[in-house]
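Structural characterization, general
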Amino acid sequence: MTFTPHGKHLINGEWIGTEQTFLSEPAHGTPHAFSVGTPELVDRAAKAAEAAFWSYGYATRKERAAFLHAIADEIEARAEAITRIGTEETGLPEARLQGERGRTTGQLRLFAEHILAGDFLDRRHDAALPDRQPLPRPDLRMMQRPIGPVAVFGASNFPLAFSTAGGDTAAALAAGCPVVVKSHGAHPGTGEIVAEAVHAAIRKCGMPNGVFSFVQGGKRDVGQALVQHPLIKAVGFTGSLGGGRALFDLCAQRPEPIPFFGELGSVNPMFMLPDALANRGAELGRGWAGSLNMGAGQFCTNPGIVVVIDGADADGFIEAARAALAECGAQVMLTDGIAKAYVSGMTRLGAQTGVQELLTSMCDRREAKPFLFKVSAHDWLGNHALSEEVFGPLGLVVVAKDVAEMEQIARSFEGQLTATMHMDAGDTALARRLLPVLERKAGRVLANGFPTGVEVCDSMVHGGPYPASTNFGATSVGTLSIRRFLRPVCYQNIPEGVLPADLV
(Lines give C-alpha, C1' and ligand atoms only; values in the text may rest on other atoms or scores of the structure.)
Protein backbone atom coordinates (compact mmCIF):
# COMPACT_ATOMS: atom_id res chain seq x y z
CA MET A 1 0.00 0.00 0.00
CA THR A 2 1.40 3.41 -0.98
CA PHE A 3 0.72 6.36 1.27
CA THR A 4 1.12 10.09 0.79
CA PRO A 5 -0.24 12.22 3.65
CA HIS A 6 -3.13 14.52 2.79
CA GLY A 7 -2.62 16.51 5.98
CA LYS A 8 -6.25 16.71 7.10
CA HIS A 9 -8.13 16.20 10.36
CA LEU A 10 -10.72 13.45 10.87
CA ILE A 11 -13.80 15.00 12.48
CA ASN A 12 -17.05 13.03 12.80
CA GLY A 13 -16.24 10.84 9.81
CA GLU A 14 -15.01 13.63 7.50
CA TRP A 15 -11.45 14.56 6.49
CA ILE A 16 -11.25 18.32 6.92
CA GLY A 17 -8.47 20.75 6.00
CA THR A 18 -7.72 24.17 7.47
CA GLU A 19 -6.14 27.22 5.86
CA GLN A 20 -3.11 27.32 8.13
CA THR A 21 -0.58 24.51 7.68
CA PHE A 22 2.73 23.35 9.09
CA LEU A 23 5.53 21.27 7.58
CA SER A 24 6.67 18.04 9.18
CA GLU A 25 10.36 17.76 10.10
CA PRO A 26 11.32 14.20 9.16
CA ALA A 27 14.64 12.68 10.12
CA HIS A 28 14.99 11.84 6.42
CA GLY A 29 12.74 11.98 3.39
CA THR A 30 10.32 14.62 2.16
CA PRO A 31 8.52 17.04 4.50
CA HIS A 32 4.74 17.14 4.10
CA ALA A 33 2.19 19.86 4.83
CA PHE A 34 -0.42 19.28 7.51
CA SER A 35 -3.43 21.36 8.53
CA VAL A 36 -3.18 23.12 11.87
CA GLY A 37 -5.79 22.20 14.44
CA THR A 38 -8.12 24.80 15.93
CA PRO A 39 -10.35 25.07 19.01
CA GLU A 40 -13.35 25.07 16.66
CA LEU A 41 -12.37 21.64 15.35
CA VAL A 42 -11.94 20.42 18.92
CA ASP A 43 -15.47 21.61 19.71
CA ARG A 44 -16.90 19.75 16.71
CA ALA A 45 -15.00 16.59 17.61
CA ALA A 46 -16.09 16.67 21.26
CA LYS A 47 -19.74 17.19 20.32
CA ALA A 48 -19.55 14.31 17.84
CA ALA A 49 -17.99 12.12 20.54
CA GLU A 50 -20.80 12.93 22.95
CA ALA A 51 -23.41 12.09 20.32
CA ALA A 52 -21.60 8.82 19.57
CA PHE A 53 -21.47 7.89 23.24
CA TRP A 54 -25.23 7.35 23.39
CA SER A 55 -24.87 4.38 21.06
CA TYR A 56 -21.24 3.27 21.46
CA GLY A 57 -21.31 3.51 25.26
CA TYR A 58 -24.23 1.08 25.24
CA ALA A 59 -22.98 -1.25 22.50
CA THR A 60 -22.47 -4.87 23.46
CA ARG A 61 -19.05 -6.09 24.52
CA LYS A 62 -19.06 -8.34 21.45
CA GLU A 63 -19.58 -5.32 19.18
CA ARG A 64 -16.80 -3.34 20.84
CA ALA A 65 -14.44 -6.32 20.73
CA ALA A 66 -15.11 -6.73 17.00
CA PHE A 67 -14.32 -3.04 16.53
CA LEU A 68 -10.98 -3.37 18.35
CA HIS A 69 -10.07 -6.39 16.24
CA ALA A 70 -11.03 -4.47 13.10
CA ILE A 71 -8.73 -1.57 14.04
CA ALA A 72 -5.88 -4.04 14.53
CA ASP A 73 -6.64 -5.64 11.15
CA GLU A 74 -6.66 -2.27 9.38
CA ILE A 75 -3.36 -1.27 10.98
CA GLU A 76 -1.77 -4.53 9.82
CA ALA A 77 -3.16 -3.99 6.32
CA ARG A 78 -1.10 -0.77 6.23
CA ALA A 79 1.97 -2.30 7.85
CA GLU A 80 4.58 -1.44 5.23
CA ALA A 81 3.29 2.08 4.70
CA ILE A 82 3.22 2.73 8.45
CA THR A 83 6.81 1.55 8.82
CA ARG A 84 7.95 3.68 5.89
CA ILE A 85 6.40 6.96 7.06
CA GLY A 86 7.26 6.19 10.69
CA THR A 87 10.97 5.68 10.02
CA GLU A 88 11.11 8.81 7.86
CA GLU A 89 9.50 11.01 10.50
CA THR A 90 11.19 9.68 13.63
CA GLY A 91 14.50 8.21 12.50
CA LEU A 92 13.67 5.02 14.38
CA PRO A 93 14.87 1.80 12.71
CA GLU A 94 12.42 -0.38 10.81
CA ALA A 95 12.68 -3.20 13.36
CA ARG A 96 11.63 -0.84 16.16
CA LEU A 97 8.59 0.38 14.22
CA GLN A 98 7.61 -3.16 13.30
CA GLY A 99 7.86 -4.27 16.92
CA GLU A 100 5.88 -1.27 18.12
CA ARG A 101 3.19 -1.94 15.54
CA GLY A 102 2.92 -5.52 16.77
CA ARG A 103 2.64 -4.29 20.32
CA THR A 104 -0.11 -1.84 19.30
CA THR A 105 -2.22 -4.40 17.46
CA GLY A 106 -1.53 -7.01 20.13
CA GLN A 107 -2.84 -4.65 22.78
CA LEU A 108 -6.02 -3.97 20.80
CA ARG A 109 -6.63 -7.71 20.48
CA LEU A 110 -5.81 -8.34 24.15
CA PHE A 111 -8.32 -5.72 25.22
CA ALA A 112 -10.94 -7.21 22.90
CA GLU A 113 -10.61 -10.61 24.54
CA HIS A 114 -10.49 -9.06 28.00
CA ILE A 115 -13.79 -7.22 27.65
CA LEU A 116 -15.43 -10.32 26.18
CA ALA A 117 -14.53 -12.19 29.38
CA GLY A 118 -16.37 -9.51 31.36
CA ASP A 119 -14.13 -9.43 34.45
CA PHE A 120 -13.43 -5.70 33.98
CA LEU A 121 -17.08 -4.98 34.81
CA ASP A 122 -16.47 -5.99 38.45
CA ARG A 123 -20.10 -7.07 38.75
CA ARG A 124 -21.51 -7.49 42.26
CA HIS A 125 -24.94 -8.46 43.50
CA ASP A 126 -26.45 -8.33 46.97
CA ALA A 127 -29.87 -9.94 46.73
CA ALA A 128 -32.85 -8.38 48.46
CA LEU A 129 -33.58 -9.43 52.06
CA PRO A 130 -37.22 -8.35 52.51
CA ASP A 131 -37.59 -10.10 55.86
CA ARG A 132 -34.40 -8.73 57.45
CA GLN A 133 -34.90 -7.01 60.80
CA PRO A 134 -34.96 -4.26 61.83
CA LEU A 135 -34.91 -3.07 58.20
CA PRO A 136 -35.19 -4.98 54.91
CA ARG A 137 -32.38 -4.79 52.37
CA PRO A 138 -33.13 -3.80 48.78
CA ASP A 139 -31.77 -5.66 45.77
CA LEU A 140 -28.41 -4.07 44.93
CA ARG A 141 -26.33 -4.65 41.82
CA MET A 142 -23.17 -2.88 40.78
CA MET A 143 -20.93 -2.77 37.74
CA GLN A 144 -18.51 -0.45 35.97
CA ARG A 145 -19.85 1.87 33.27
CA PRO A 146 -18.00 4.06 30.70
CA ILE A 147 -17.53 7.69 31.69
CA GLY A 148 -17.97 9.42 28.31
CA PRO A 149 -15.70 11.06 25.70
CA VAL A 150 -11.96 10.85 26.39
CA ALA A 151 -9.16 13.09 25.08
CA VAL A 152 -5.85 11.45 24.18
CA PHE A 153 -2.56 13.26 23.51
CA GLY A 154 -0.10 11.44 21.25
CA ALA A 155 3.42 10.87 22.63
CA SER A 156 6.61 11.96 20.90
CA ASN A 157 8.64 8.84 21.67
CA PHE A 158 6.11 6.14 20.71
CA PRO A 159 4.50 7.02 17.35
CA LEU A 160 2.31 3.90 17.51
CA ALA A 161 2.07 2.34 20.99
CA PHE A 162 1.32 5.59 22.86
CA SER A 163 -0.25 7.67 20.12
CA THR A 164 -3.23 7.58 17.73
CA ALA A 165 -4.40 4.01 18.39
CA GLY A 166 -2.07 3.29 21.29
CA GLY A 167 -2.74 2.32 24.88
CA ASP A 168 -4.93 5.23 25.98
CA THR A 169 -7.11 5.11 22.87
CA ALA A 170 -7.43 1.31 23.01
CA ALA A 171 -8.34 1.38 26.71
CA ALA A 172 -10.96 4.09 26.26
CA LEU A 173 -12.57 2.37 23.28
CA ALA A 174 -12.57 -0.95 25.16
CA ALA A 175 -14.33 0.76 28.07
CA GLY A 176 -17.02 2.15 25.75
CA CYS A 177 -15.73 5.72 25.53
CA PRO A 178 -15.39 7.67 22.26
CA VAL A 179 -11.97 9.26 21.75
CA VAL A 180 -10.66 12.58 20.45
CA VAL A 181 -6.93 12.32 19.65
CA LYS A 182 -4.60 15.30 19.45
CA SER A 183 -1.77 14.09 17.24
CA HIS A 184 1.86 14.81 18.13
CA GLY A 185 3.67 17.12 15.71
CA ALA A 186 6.75 14.89 15.71
CA HIS A 187 5.08 12.25 13.54
CA PRO A 188 1.92 13.68 11.92
CA GLY A 189 2.02 11.38 8.88
CA THR A 190 2.24 8.29 11.07
CA GLY A 191 -0.69 9.57 13.09
CA GLU A 192 -2.69 10.22 9.95
CA ILE A 193 -2.29 6.76 8.43
CA VAL A 194 -3.25 5.11 11.73
CA ALA A 195 -6.28 7.42 11.93
CA GLU A 196 -7.21 6.20 8.45
CA ALA A 197 -7.05 2.64 9.78
CA VAL A 198 -9.41 3.51 12.64
CA HIS A 199 -11.74 5.29 10.22
CA ALA A 200 -11.84 2.20 7.99
CA ALA A 201 -12.69 0.04 11.03
CA ILE A 202 -15.52 2.43 11.96
CA ARG A 203 -17.07 1.99 8.53
CA LYS A 204 -16.49 -1.77 8.48
CA CYS A 205 -18.20 -2.24 11.87
CA GLY A 206 -20.96 0.34 11.40
CA MET A 207 -19.84 2.36 14.40
CA PRO A 208 -20.97 5.98 14.83
CA ASN A 209 -18.58 8.40 13.11
CA GLY A 210 -17.99 10.42 16.26
CA VAL A 211 -16.51 7.45 18.13
CA PHE A 212 -13.06 8.60 16.97
CA SER A 213 -11.78 11.99 15.84
CA PHE A 214 -8.22 13.06 15.05
CA VAL A 215 -6.89 16.61 15.27
CA GLN A 216 -3.47 17.48 13.85
CA GLY A 217 -0.98 19.96 15.24
CA GLY A 218 -2.18 23.23 16.60
CA LYS A 219 -0.83 25.62 19.16
CA ARG A 220 -1.27 25.49 22.91
CA ASP A 221 -4.85 26.73 22.54
CA VAL A 222 -5.86 23.44 20.89
CA GLY A 223 -4.66 21.33 23.81
CA GLN A 224 -6.23 23.75 26.25
CA ALA A 225 -9.55 23.68 24.39
CA LEU A 226 -9.51 19.89 24.44
CA VAL A 227 -8.92 19.39 28.17
CA GLN A 228 -11.34 22.17 29.10
CA HIS A 229 -14.18 21.15 26.81
CA PRO A 230 -17.18 20.40 29.03
CA LEU A 231 -18.04 17.21 27.11
CA ILE A 232 -14.60 15.64 27.66
CA LYS A 233 -14.67 13.46 30.78
CA ALA A 234 -11.03 12.30 31.11
CA VAL A 235 -7.61 12.85 29.53
CA GLY A 236 -4.79 10.44 28.68
CA PHE A 237 -1.33 11.99 28.25
CA THR A 238 2.28 10.87 27.86
CA GLY A 239 4.90 13.61 27.74
CA SER A 240 6.98 16.10 29.65
CA LEU A 241 6.55 17.07 33.28
CA GLY A 242 6.05 20.75 32.42
CA GLY A 243 3.49 20.20 29.66
CA GLY A 244 1.65 17.49 31.54
CA ARG A 245 1.46 19.47 34.76
CA ALA A 246 0.02 22.47 32.89
CA LEU A 247 -2.74 20.32 31.39
CA PHE A 248 -3.33 18.58 34.73
CA ASP A 249 -3.88 21.97 36.38
CA LEU A 250 -6.33 22.98 33.65
CA CYS A 251 -8.33 19.79 34.25
CA ALA A 252 -8.45 20.50 37.98
CA GLN A 253 -9.55 24.11 37.42
CA ARG A 254 -12.55 23.25 35.27
CA PRO A 255 -16.04 23.93 36.67
CA GLU A 256 -16.34 20.13 36.52
CA PRO A 257 -12.84 18.80 37.33
CA ILE A 258 -11.94 15.66 35.40
CA PRO A 259 -9.24 13.00 35.86
CA PHE A 260 -5.96 13.58 34.03
CA PHE A 261 -4.05 10.35 33.52
CA GLY A 262 -0.61 11.71 32.74
CA GLU A 263 2.73 9.94 32.51
CA LEU A 264 5.23 12.74 33.09
CA GLY A 265 8.74 11.45 33.67
CA SER A 266 10.95 9.01 35.54
CA VAL A 267 14.66 8.30 36.07
CA ASN A 268 14.01 4.62 36.94
CA PRO A 269 16.78 4.05 39.50
CA MET A 270 18.68 0.77 39.69
CA PHE A 271 20.37 -0.45 42.88
CA MET A 272 23.43 -2.66 42.48
CA LEU A 273 23.52 -4.71 45.69
CA PRO A 274 26.94 -5.73 47.03
CA ASP A 275 26.94 -9.48 46.35
CA ALA A 276 25.72 -9.05 42.78
CA LEU A 277 28.25 -6.29 42.17
CA ALA A 278 31.10 -8.47 43.47
CA ASN A 279 30.06 -11.52 41.45
CA ARG A 280 29.16 -9.93 38.11
CA GLY A 281 29.88 -6.21 38.21
CA ALA A 282 31.38 -5.99 34.72
CA GLU A 283 28.46 -7.90 33.22
CA LEU A 284 26.00 -5.58 34.95
CA GLY A 285 27.92 -2.53 33.75
CA ARG A 286 27.68 -3.67 30.15
CA GLY A 287 24.02 -4.57 30.57
CA TRP A 288 23.22 -1.15 31.96
CA ALA A 289 25.03 0.53 29.07
CA GLY A 290 22.94 -1.43 26.58
CA SER A 291 19.67 -0.54 28.29
CA LEU A 292 20.67 3.10 28.75
CA ASN A 293 21.58 3.56 25.09
CA MET A 294 18.67 1.58 23.62
CA GLY A 295 16.67 3.76 21.24
CA ALA A 296 18.93 6.72 22.08
CA GLY A 297 17.57 6.56 25.62
CA GLN A 298 14.17 7.81 24.48
CA PHE A 299 12.12 5.48 26.65
CA CYS A 300 10.09 6.55 29.68
CA THR A 301 11.56 3.53 31.49
CA ASN A 302 15.18 4.36 30.62
CA PRO A 303 17.34 3.56 33.71
CA GLY A 304 19.12 6.88 34.01
CA ILE A 305 20.46 6.49 37.55
CA VAL A 306 22.41 3.66 39.19
CA VAL A 307 23.25 3.46 42.91
CA VAL A 308 26.37 1.54 44.00
CA ILE A 309 28.38 1.19 47.22
CA ASP A 310 31.90 2.61 47.03
CA GLY A 311 34.78 0.21 46.49
CA ALA A 312 36.69 -1.80 43.91
CA ASP A 313 33.56 -3.66 42.78
CA ALA A 314 31.80 -0.38 42.05
CA ASP A 315 34.86 0.86 40.16
CA GLY A 316 34.80 -2.26 37.99
CA PHE A 317 31.11 -1.81 37.25
CA ILE A 318 31.59 1.84 36.32
CA GLU A 319 34.54 1.14 34.04
CA ALA A 320 32.68 -1.64 32.23
CA ALA A 321 29.71 0.68 31.66
CA ARG A 322 31.97 3.53 30.51
CA ALA A 323 33.84 1.31 28.06
CA ALA A 324 30.63 -0.09 26.61
CA LEU A 325 29.07 3.35 26.21
CA ALA A 326 32.24 4.70 24.60
CA GLU A 327 31.80 2.20 21.77
CA CYS A 328 28.25 3.35 21.02
CA GLY A 329 27.75 5.40 17.88
CA ALA A 330 25.52 8.40 17.38
CA GLN A 331 21.78 7.82 17.05
CA VAL A 332 19.13 10.04 15.51
CA MET A 333 16.75 11.49 18.08
CA LEU A 334 13.03 11.81 17.51
CA THR A 335 12.94 15.57 17.00
CA ASP A 336 15.27 18.56 16.87
CA GLY A 337 13.66 19.79 20.08
CA ILE A 338 14.36 16.56 21.95
CA ALA A 339 17.98 16.64 20.75
CA LYS A 340 18.42 20.22 21.98
CA ALA A 341 16.81 19.38 25.32
CA TYR A 342 19.19 16.44 25.70
CA VAL A 343 22.24 18.63 25.24
CA SER A 344 20.78 21.23 27.58
CA GLY A 345 20.07 18.60 30.25
CA MET A 346 23.56 17.19 29.93
CA THR A 347 25.08 20.65 30.33
CA ARG A 348 22.91 21.40 33.35
CA LEU A 349 23.74 18.13 35.06
CA GLY A 350 27.46 18.39 34.37
CA ALA A 351 27.58 21.83 35.98
CA GLN A 352 26.19 20.65 39.33
CA THR A 353 28.45 20.61 42.38
CA GLY A 354 30.33 17.35 42.86
CA VAL A 355 29.41 15.83 39.48
CA GLN A 356 32.33 14.16 37.69
CA GLU A 357 32.40 13.58 33.95
CA LEU A 358 33.27 9.99 33.07
CA LEU A 359 32.30 10.02 29.40
CA THR A 360 31.49 12.98 27.19
CA SER A 361 31.08 13.34 23.45
CA MET A 362 29.88 15.71 20.75
CA CYS A 363 26.24 15.72 19.67
CA ASP A 364 25.58 16.84 16.10
CA ARG A 365 22.20 18.49 15.53
CA ARG A 366 19.61 15.74 15.83
CA GLU A 367 22.07 12.98 16.75
CA ALA A 368 22.91 11.89 20.29
CA LYS A 369 25.76 10.00 21.91
CA PRO A 370 25.89 8.67 25.49
CA PHE A 371 27.15 10.66 28.46
CA LEU A 372 28.19 9.24 31.82
CA PHE A 373 28.59 11.08 35.12
CA LYS A 374 29.30 10.18 38.75
CA VAL A 375 28.40 11.87 42.03
CA SER A 376 28.68 11.04 45.71
CA ALA A 377 25.61 10.21 47.75
CA HIS A 378 26.34 13.26 49.92
CA ASP A 379 26.11 15.64 46.95
CA TRP A 380 23.14 13.74 45.53
CA LEU A 381 21.11 14.00 48.72
CA GLY A 382 21.74 17.72 48.93
CA ASN A 383 20.72 18.64 45.38
CA HIS A 384 17.27 17.84 43.98
CA ALA A 385 18.36 18.89 40.48
CA LEU A 386 20.44 15.71 40.23
CA SER A 387 17.28 13.59 40.32
CA GLU A 388 15.60 15.34 37.37
CA GLU A 389 15.14 13.38 34.15
CA VAL A 390 17.41 13.98 31.17
CA PHE A 391 15.62 12.41 28.21
CA GLY A 392 18.27 10.51 26.29
CA PRO A 393 21.24 8.13 26.76
CA LEU A 394 22.69 9.85 29.81
CA GLY A 395 23.68 7.90 32.91
CA LEU A 396 24.48 9.06 36.43
CA VAL A 397 26.17 6.80 39.00
CA VAL A 398 25.45 7.70 42.63
CA VAL A 399 28.12 6.31 44.95
CA ALA A 400 27.04 5.51 48.51
CA LYS A 401 29.55 4.91 51.28
CA ASP A 402 27.60 2.00 52.83
CA VAL A 403 24.29 0.11 52.91
CA ALA A 404 22.66 2.68 55.18
CA GLU A 405 23.42 5.47 52.73
CA MET A 406 22.08 3.35 49.84
CA GLU A 407 18.81 2.99 51.71
CA GLN A 408 18.78 6.74 52.41
CA ILE A 409 19.12 7.38 48.67
CA ALA A 410 16.23 5.02 47.95
CA ARG A 411 14.03 6.94 50.35
CA SER A 412 14.98 10.27 48.71
CA PHE A 413 13.55 9.46 45.29
CA GLU A 414 10.28 10.92 44.09
CA GLY A 415 7.72 8.74 42.32
CA GLN A 416 9.03 6.50 39.55
CA LEU A 417 7.69 4.22 36.86
CA THR A 418 10.23 1.54 37.79
CA ALA A 419 12.87 0.71 40.38
CA THR A 420 15.31 -2.18 40.05
CA MET A 421 17.47 -4.28 42.38
CA HIS A 422 20.32 -6.36 40.97
CA MET A 423 20.95 -9.00 43.59
CA ASP A 424 22.48 -12.41 44.28
CA ALA A 425 21.75 -14.83 47.11
CA GLY A 426 23.91 -12.92 49.59
CA ASP A 427 21.86 -9.75 49.01
CA THR A 428 18.53 -11.19 50.20
CA ALA A 429 18.50 -9.43 53.56
CA LEU A 430 19.28 -6.04 52.03
CA ALA A 431 16.73 -6.61 49.26
CA ARG A 432 14.09 -7.27 51.92
CA ARG A 433 14.93 -3.91 53.50
CA LEU A 434 14.81 -2.04 50.19
CA LEU A 435 11.65 -3.59 48.74
CA PRO A 436 9.17 -1.78 51.06
CA VAL A 437 10.87 1.50 50.16
CA LEU A 438 10.91 0.85 46.42
CA GLU A 439 7.33 -0.35 46.22
CA ARG A 440 6.27 3.00 47.70
CA LYS A 441 8.31 4.81 45.07
CA ALA A 442 7.50 2.91 41.87
CA GLY A 443 4.70 1.19 39.97
CA ARG A 444 6.94 -1.69 38.89
CA VAL A 445 9.81 -3.18 40.94
CA LEU A 446 12.30 -5.43 39.14
CA ALA A 447 14.97 -7.87 40.24
CA ASN A 448 17.91 -8.73 37.97
CA GLY A 449 16.54 -7.13 34.84
CA PHE A 450 16.43 -3.88 32.94
CA PRO A 451 13.23 -1.83 32.80
CA THR A 452 13.37 -0.81 29.11
CA GLY A 453 10.71 -3.31 28.09
CA VAL A 454 7.05 -3.04 29.09
CA GLU A 455 5.11 -6.26 28.63
CA VAL A 456 1.49 -5.77 27.55
CA CYS A 457 -0.42 -8.18 29.78
CA ASP A 458 -2.89 -8.41 32.65
CA SER A 459 -0.43 -7.83 35.49
CA MET A 460 1.67 -4.98 34.07
CA VAL A 461 1.70 -1.62 35.85
CA HIS A 462 3.02 1.36 33.94
CA GLY A 463 2.52 4.25 36.32
CA GLY A 464 3.61 5.30 39.76
CA PRO A 465 3.47 8.07 42.35
CA TYR A 466 3.84 11.67 41.15
CA PRO A 467 5.73 12.85 39.10
CA ALA A 468 5.93 9.50 37.31
CA SER A 469 2.19 9.85 36.78
CA THR A 470 -0.63 12.05 38.01
CA ASN A 471 -2.78 9.17 39.23
CA PHE A 472 -0.80 6.60 41.19
CA GLY A 473 -3.76 4.21 41.38
CA ALA A 474 -3.79 3.65 37.62
CA THR A 475 -1.70 2.14 34.85
CA SER A 476 -1.43 3.12 31.17
CA VAL A 477 -0.39 -0.39 30.06
CA GLY A 478 -2.16 -3.70 30.59
CA THR A 479 -5.80 -4.62 30.94
CA LEU A 480 -6.16 -2.71 34.22
CA SER A 481 -5.71 0.49 32.15
CA ILE A 482 -9.30 0.10 30.93
CA ARG A 483 -10.53 0.83 34.46
CA ARG A 484 -9.33 4.43 34.17
CA PHE A 485 -12.28 5.20 31.92
CA LEU A 486 -14.98 3.46 33.92
CA ARG A 487 -16.95 4.37 37.03
CA PRO A 488 -19.07 2.18 39.34
CA VAL A 489 -22.85 2.48 39.20
CA CYS A 490 -25.17 0.82 41.74
CA TYR A 491 -28.66 -0.27 40.60
CA GLN A 492 -31.19 -0.53 43.42
CA ASN A 493 -34.39 -2.51 42.88
CA ILE A 494 -34.19 -2.01 39.11
CA PRO A 495 -36.37 -4.62 37.34
CA GLU A 496 -34.46 -7.11 35.23
CA GLY A 497 -36.27 -5.95 32.11
CA VAL A 498 -34.75 -2.49 32.61
CA LEU A 499 -31.24 -3.44 33.79
CA PRO A 500 -28.27 -3.32 31.40
CA ALA A 501 -27.84 -6.68 29.69
CA ASP A 502 -24.46 -7.25 31.36
CA LEU A 503 -26.12 -7.27 34.78
CA VAL A 504 -28.90 -9.74 34.03
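First things first, this report covers the structure right here in the doc. As the structure is a computational prediction, the values presented were derived from the model and not from experiment.

1. Some words on the overall build of the protein
Within the protein, the secondary structure is distributed over 14 helices and 21 strands. Each principal axis of the C-alpha distribution contributes one length, and for the protein these read about 75 × 70 × 40 Å. For the protein, the residues scored as buried account for 56% of the 504 residues in total. Within the protein, contacts between residues separated by at least 24 positions form 77% of all contacts whose residues are at least 6 apart in sequence.

2. A closer look at the sheet that holds strand S21 (residues 486-492)
The sheet built from three strands is open, its strands ordered S5-S6-S21 with antiparallel pairing. Strands at the two margins of the open sheet, each flanked by one partner only, are strand S5 (124-126) and S21. Sheet twist, expressed as the mean angle between neighbouring strand axes with direction ignored, is 25°. Two strands pair when backbone bridges link them, and S5 and strand S6 (residues 140-146) are joined in this way by three bridges, in the antiparallel orientation. Among the inter-strand pairings, Asp126 is bridged to a residue of S6, identified as Leu140.

3. Points about the packing of helix H7 (residues 220-228) against helix H8 (residues 241-253)
Where H7 contacts H8, the two axes come as close as 9 Å, and the packing angle between them is 35°. Crossing geometry of H7 relative to H8 is assigned as right-handed. For the pair H7 and H8, contact is made by Gly223, Gln224, Val227 and Gln228 and by Leu247, Leu250 and Cys251, respectively. The residue inventory of the contact of H7 with H8, partitioned by class, reads four nonpolar, three polar and no charged.

4. Details of the packing of aromatic side chains
Counting across every chain of the model gives 15 aromatic pairs. With centroids separated by 5.9 Å and ring planes inclined at 65°, the aromatic side chains of Phe53 and Tyr58 adopt a geometry described as edge-to-face. Looking at Phe53, the relative accessible area reads 8%, which means it is buried. By relative accessible area, Tyr58 is classed as partly exposed at 48%. Each residue in the set Phe153, Phe237, Phe248 and Phe260 is aromatic and connected to the rest through ring pairs, giving one cluster.

Analysis parameters
Residues numbered from 1 in each chain as written. Predicted model: local features only at pLDDT ≥ 70, side-chain atom pairs only at ≥ 80, totals over all residues. Heavy atoms only, no water. Helix = DSSP H or I, 4+ residues; strand = E, 2+ residues; numbered from the N terminus. Buried < 20%, exposed > 50% of the residue type's maximum accessible area, 1.4 Å probe, protein only. Contact = heavy atoms within 4.5 Å. Pairing = 2+ DSSP bridges. Axes fitted to C-alpha atoms, helices over the stretch in contact; angles between N-to-C directions. Left-handed = near helix turned anticlockwise from the far one by under 90°. Nonpolar A, V, L, I, M, F, W, Y, C, P; charged D, E, K, R; others polar. Phe/Tyr/Trp six-rings, centres within 6.5 Å; stacked < 30°, edge-to-face > 60°.

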